[in-house]
Amino acid sequence: MINFILQFVCMFLFAVGVFFIIVELRTKFDRLFLYFGISLLFLCFASSIDLWISPLLSSIKAKLYWQNIFHINICLFLVFLMGYLIKLTKTLNLNFIKAFLALSLVISGLFLSKSFLVVKNGEIVSTIAYYVIFLPYIILAIIIAILLVIKKLKIATPLEKKTLFFHLLGGIILGLGGLADLIVTITDTDEIMPIKSFTIIGVMGFGIMATLIFVERFLMLIQDRQIAYDKLETAYKDIEEANTLKELGQSTAIINHEIKNYMMIISGYADFIRATEPLTERGKKAAQGIMNGVNKMTEFSHDILEYSKAKILTNKKEINLTEVVNKCLNDVYPKLKEKFILVGFDKKHFIHGDWNKLEHVFVNLFNNSFEADAKQIKVTISESGGTILLLSIEDDGAGCSEEQMESLFKAFYTTKADKKGNGLGMSLTRAIIESHGGHISAYSRNLAGDNQHGLTLVITFPIFHTTDKKMPEDAYRNNIVLIKENIENLAGVIRIFQNVHIAPKIMQNIDDLKMDKNINDDAFIIANAKNIEQIKDKTNRFKKLTIISSNKHHLYALDISTEVSTPQIFSEEYILKHFMAAIDN
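Calculation rules
All residue numbers refer to positions counted from 1 along the written sequence of the respective chain. It should be noted that, the model being predicted, local features are given only for residues of pLDDT at least 70 and side-chain atom pairs only at 80 or more, the latter also being counted only at that level, while totals for whole chains, interfaces and linings use all residues. Think of the side-chain values as coming from all heavy atoms in the structure, minus any hydrogens and water. Helix and strand assignments come from DSSP, with helices taken as H or I runs of at least 4 residues and strands as E runs of at least 2, each series counted from the N terminus. Three labels apply to residues, based on accessible area from a 1.4 Å probe with only protein chains included: buried if under 20% of the type maximum, exposed if over 50%, partly exposed otherwise in between. Accessible areas in this description were obtained via Shrake-Rupley with a 1.4 Å probe; residue shielding takes into account the shown protein chains only. Only strands that DSSP links by at least two bridges are regarded as paired with each other. Lines fitted to C-alpha atoms define the axes here, with helix axes fitted over just the stretch in contact, and angles between the N-to-C directions of these axes take values from 0 to 180 degrees. A contact between two residues is defined here by any heavy atoms of the two lying within 4.5 Å. Helix span is expected to be 1.5 Å times the residue number reduced by one. Patches here are clusters of residues that have more than 30% relative accessible area and form no salt bridge, with a 9 Å joining cutoff for like charges and a 5 Å cutoff for nonpolar side chains (Val, Leu, Ile, Met, Phe, Trp, Tyr). Take a side-chain nitrogen of Lys or Arg and a carboxyl oxygen of Asp or Glu: if they are within 4 Å of each other, that pair is a salt bridge. Buried Ala, Val, Leu, Ile, Met, Phe, Trp, Tyr and Cys residues that are joined via side-chain atoms within 4.5 Å together make up what is termed a nonpolar core. For this count, His and the chain ends are skipped, Lys and Arg are scored as positive, and Asp and Glu as negative. Side-chain atoms alone can form a polar contact between residues adjacent in sequence; in general such a contact is a pair of N or O atoms within 3.5 Å, and within protein one must be able to donate a hydrogen while the other accepts it. The way it works is a 1 Å grid over only the protein atoms, where trapped points that fit a 1.4 Å probe form a cavity and open points with protein on both sides within 12 Å along at least five of seven lines form a pocket, and then any residue with an atom within 4 Å of a point lines it. Grid points are joined across faces, edges and corners, and a volume is the space filled by probe spheres set on the points. Here the term charged refers only to Asp, Glu, Lys and Arg, the term nonpolar to Ala, Val, Leu, Ile, Met, Phe, Trp, Tyr, Cys and Pro, and the term polar to all other amino acids, Gly among them. Each aromatic pair joins two rings of Phe, Tyr and Trp (for Trp, the six-membered one) with centres within 6.5 Å, and gets the label stacked for planes under 30 degrees apart, edge-to-face for over 60, and tilted for any other angle. Here the site of a charge means atom NZ of a Lys, CZ of an Arg, CG of an Asp or CD of a Glu. These descriptions rest on fixed angle ranges, namely under 35 degrees for roughly parallel, over 145 for roughly antiparallel, 65 to 115 for roughly perpendicular, and the rest for oblique. The handedness criterion is simple: a crossing whose near helix is rotated anticlockwise from the far helix by less than a right angle is left-handed, and one whose near helix is rotated clockwise is right-handed.

(A) Examining the overall build of the chain more closely. When you go through the chain residue by residue, the secondary structure sums to 16 helices and 15 strands. Residues classed as buried in the chain amount to 44% of the 585 residues present. Summing over all exposed atoms, the chain offers an accessible surface of approximately 31100 Å²; the carbon and sulfur share of this is 59%.

(B) Region of interest: the sheet that holds strand β6 (residues 377–384). Reading across the sheet, the five strands line up as β4-β6-β7-β9-β8 and stay open at both edges, with mixed pairing between neighbours. Two strands close off the open sheet at either side, each with one partner strand: β4 (340–343) and β8 (439–444). Put simply, the sheet's adjacent strands are angled 15° from each other on average, direction ignored. Relative to strand β9 (residues 455–462), β8 runs antiparallel, the two sharing six bridges. Across the sheet, the residue bridging to Ile440 is Ile459, located in β9.

(C) A look at the side chain of Asn509. Position of Asn509 relative to the elements: it lies in the loop between β11 (505–507) and α14 (510–515). Apart from the residues within four sequence positions on either side, Asn509 is in contact with Lys162, Glu216, Ile483 and Glu485.

(D) Local environment of the sheet that holds strand β13 (residues 544–551). Strands sit in the order β11-β10-β12-β13-β14-β15 across an open sheet of six strands; the sheet is mixed. Two strands in the sheet have a free side with no partner beyond their single neighbour: β11 and β15 (568–569). When strand β14 (residues 554–559) meets β15, the two strands line up antiparallel, connected through two bridges. Within β15, the position partnered with Ala557 by the bridge is Gln568. Across the sheet, helix α13 (residues 490–499) is in contact with β10 (480–483), β11, β12 (524–527), β13 and β14; its angle to β10 comes to roughly 165°. Sheet contacts for helix α15 (residues 529–538): β10, β12 and β13; angle to β13, the most-contacted strand, approximately 165°.

(E) Broad picture of helix α10 (residues 355–371). Look at α10: 24 Å from first C-alpha to last across 17 residues, which is about the 24 Å you get at 1.5 Å a residue. For α10, the full list of buried residues reads Trp355, Lys357, Leu358, Glu359, Val361, Phe362, Asn364, Leu365, Phe366, Ser369 and Phe370. Once α10 ends, the next one or two residues include Asp373, with phi positive near 65°.

(F) A nonpolar patch on the surface, seen in detail. Taken together, the side chains of Tyr262, Ile265, Ile266, Tyr269 and Ile290 make up a nonpolar region of the molecular surface, amounting to roughly 520 Å² of accessible area. In terms of residues, the nonpolar patch owes the most to one element, helix α7 (residues 198–276), which gives four residues. Residue classification places Tyr269 among the exposed positions, given a relative accessible area of 55%.

(G) Representation of the nonpolar core within the structure. Grouped together as the largest cluster of nonpolar side chains are 59 residues, with contacts concentrated most on Leu78, Tyr84, Phe111, Phe134, Tyr137, Met204 and Phe214. For this core, the element with the most residues is helix α3 (residues 60–89), which contributes 15 residues. Other than its neighbours up to four places away in sequence, Phe214 contacts Phe20, Leu32, Phe33, Phe36, Tyr84 and His167. If you look at the next biggest cluster of nonpolar residues, it comprises 40 residues, including Ile319, Phe362, Ile381 and Leu447.

(H) Quick look at the side chain of Asp395. Checked against the element boundaries, Asp395 lands in strand β7 (residues 388–395). The buried charged residue Asp395 lacks any salt bridge partner; its closest oppositely charged side chain belongs to Arg445, at an N-O distance of 5.3 Å. Of note is the side chain of Asp395, whose polar atom sits 2.8 Å from the side chain of Ser369. From its side chain, Asp395 meets the backbone nitrogen of Gly397 in a polar contact 3.0 Å long. Here Asp395 is in contact with Ser369, Ala374, Gln376, Ile377, Arg445, His453, Gly454 and Leu455, once residues within four sequence places are set aside.

(I) Representation of empty space enclosed by the protein. The final tally for this structure, using the stated rule, is one cavity of 30 Å³ or more. Size it by volume and the largest cavity reaches roughly 90 Å³. Mapped onto the lining of the largest cavity, the elements with two or more residues apiece are α3, α5 (128–153) and α6 (158–187). Residue classes in the lining of the largest cavity are distributed as 10 nonpolar, two polar and no charged.

(J) Structural context of unusual backbone geometry. In this model, Asn121 sits at a positive phi of 55°, which is unusual for a non-glycine residue. By relative accessible area, which is 75% here, Asn121 ends up exposed. Located in the positive-phi region is Asn489, a residue other than glycine, with phi close to 55°. Mapped onto the secondary structure, Asn489 falls in the loop between β10 and α13. Among the residues examined, Asn489 registers a relative accessible area of 38% and is labelled partly exposed.

(K) Here's a closer look at the environment of Asn489. For the pair Asn489 and His553, spaced 64 residues apart in sequence, the C-alpha separation works out to 9.8 Å. Of note is the side chain of Asn489, whose polar atom sits 3.0 Å from the backbone nitrogen of Gly492.

(L) A look at helix α12 (residues 425–435). Burial analysis of α12 places nine of its 11 residues in the buried class, which makes it a mostly covered element. Taken residue by residue, α12 has Met426, Ser427, Leu428, Thr429, Arg430, Ala431, Ile432, Ile433 and Ser435 as its buried positions. The first or second residue beyond α12 is Gly437, which carries a positive phi of 80°.

(M) Broad picture of the packing of aromatic side chains. Per the counting criterion, the structure on display carries 23 aromatic pairs. Ring centres 5.0 Å apart and planes at 85° place the aromatic pair Phe111 and Phe134 in the edge-to-face group. Linking Phe111 in helix α4 (residues 94–112) with Phe134 in helix α5, this pair joins segments that are 23 residues apart in sequence. Of the two residues, Phe111 and Phe134, both sit in the buried class. One aromatic cluster is present, formed by Phe96, Phe100, Phe111, Phe116, Tyr130, Tyr131, Phe134 and Tyr137 through successive ring pairs.

(N) Spotlight on the pattern of salt bridges. What the rule picks out here adds up to six salt bridges. Between Glu434 and Arg430 there is a salt bridge whose closest N-O contact spans 4.0 Å. Taken together, the positions of Glu434 and Arg430, both in helix α12 and four residues apart, correspond to about one turn of that helix. Judged by its relative accessible area of 33%, Glu434 is partly exposed.

(O) Here's a closer look at a positive patch on the surface. A surface patch of positive charge is lined by Lys28, Arg31, Lys87 and Lys90. Within the secondary structure layout, Lys90 lies in the loop between α3 and α4.

(P) Layout of the packing of helix α2 (residues 31–53) against α3. For the pair α2 and α3, interaxial distance at closest approach is 9 Å and the crossing angle is 160°. The pairing of α2 with α3 is recorded here as roughly antiparallel in orientation. Considering how the two elements wind past one another, α2 and α3 form a crossing that is left-handed.

What is shown is where atoms sit, not what they do.
Set out below in structure tokens:
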């Protein structure tokens, strides 16, 4: 039964070694995968001699031959293992590698010359040279490997410590296996042992320990590549929209000039007909229809021109955003002011930008809310960290479906049933906000699945300062920790943090969190539900725990540090109100 288990493990490790070699040759992930894969193959080949080949041999001469091959293979395994560990621990020393390689080749040659193993009285026995040269070589190699790992452990990052710990554990198992075989040989008790070689268990144990950490490393690399792919995909979409904007900008002047000429001609003929020709009521309506069409075409031409100029700011100055919104409400919505709830407008909030363009933004957003049958619009303005100004517009209108959310900021996309809009409003709004160094995100309560409706738009701007005041990128890294393991839409989570210029400390899993002593005890820990439960079960150190989950288009956050809590949309507003406000205070 023991042999069967060892054979199964050996075949598994062989397959893993081949897999890592192929992956590295095809993808160039990390050269360590290649070194590790080759080490596993040598390890498995050495083990297979004891597990499959030796039991089938009847000739003592054949047994001696394969025992020599076994030991030569162990020497080669140690060479690749040492090279692999040196690269892993980043303690590269070419002279040491050359010396160890030369020593291994010499010892391998001595096995071919029968200097270590000989046949005596029908049995294979070890010579004095075996104990004087080969065993010290093995012991020295294992000690050096363990010392390399221990030395690196002292200065390693939490993630590196986990990797090195598993390698250290594997090295200890390997050493104990060899030590057990040495004791059995000296005491001449091999006949009563349940297995032929404890070294096999040692090399298998090392292989399993290293394989576990490499599988995790491989999965982490895949996840990181997926995140990078998601970012590239988003960047590609932004580039496509930027190219559209560029093409429009290059051709808008010519197009508008021609459109105006043709519209003037059509308008002139329509006016001439209405003024000089006797028309029936039907004819008058037709002439008026022509004029209406001319006016709409002229408006569309103007919108296209504005769209092409959206990211060009020529009149930038210090602007009180509170005053911009108030003036917009007083001038455009004097009869609808009771529908607005203003929060935070008792203070001045300054940004650097273009008043007219910003006023256009708010008129467009408020019009959209009323066109969606909103009965109430809540506008909230606040600051965070002295660098970020956040403005949210929350209405109780029809909201957006998942399909509409995906296309909300695309040019020429409209949700209006009568198709009266040209679909440039939200795209133009985003372009203007981004030209001010800001970001806009949309969150629809329709997607929560509990019969809510309405749309929330969250806008962030950099606060205007007379001096260039910037928040250090790592200002909050030990106060906000994101555990990325198994978080759905991780790229979306990171993007929301980036929109408010916050760089949380990102960790792979809770093991990294437990090992990092730099994290503040009152830090906010953000993770998926499973990891949050594990943190609660395994440590009392952290109390501020937030679960991140994904539901269709949005991310949701659940703060479990309070007794009564309900999921909320994870947005820029959530970060500033729940994390940053607590830290700044």
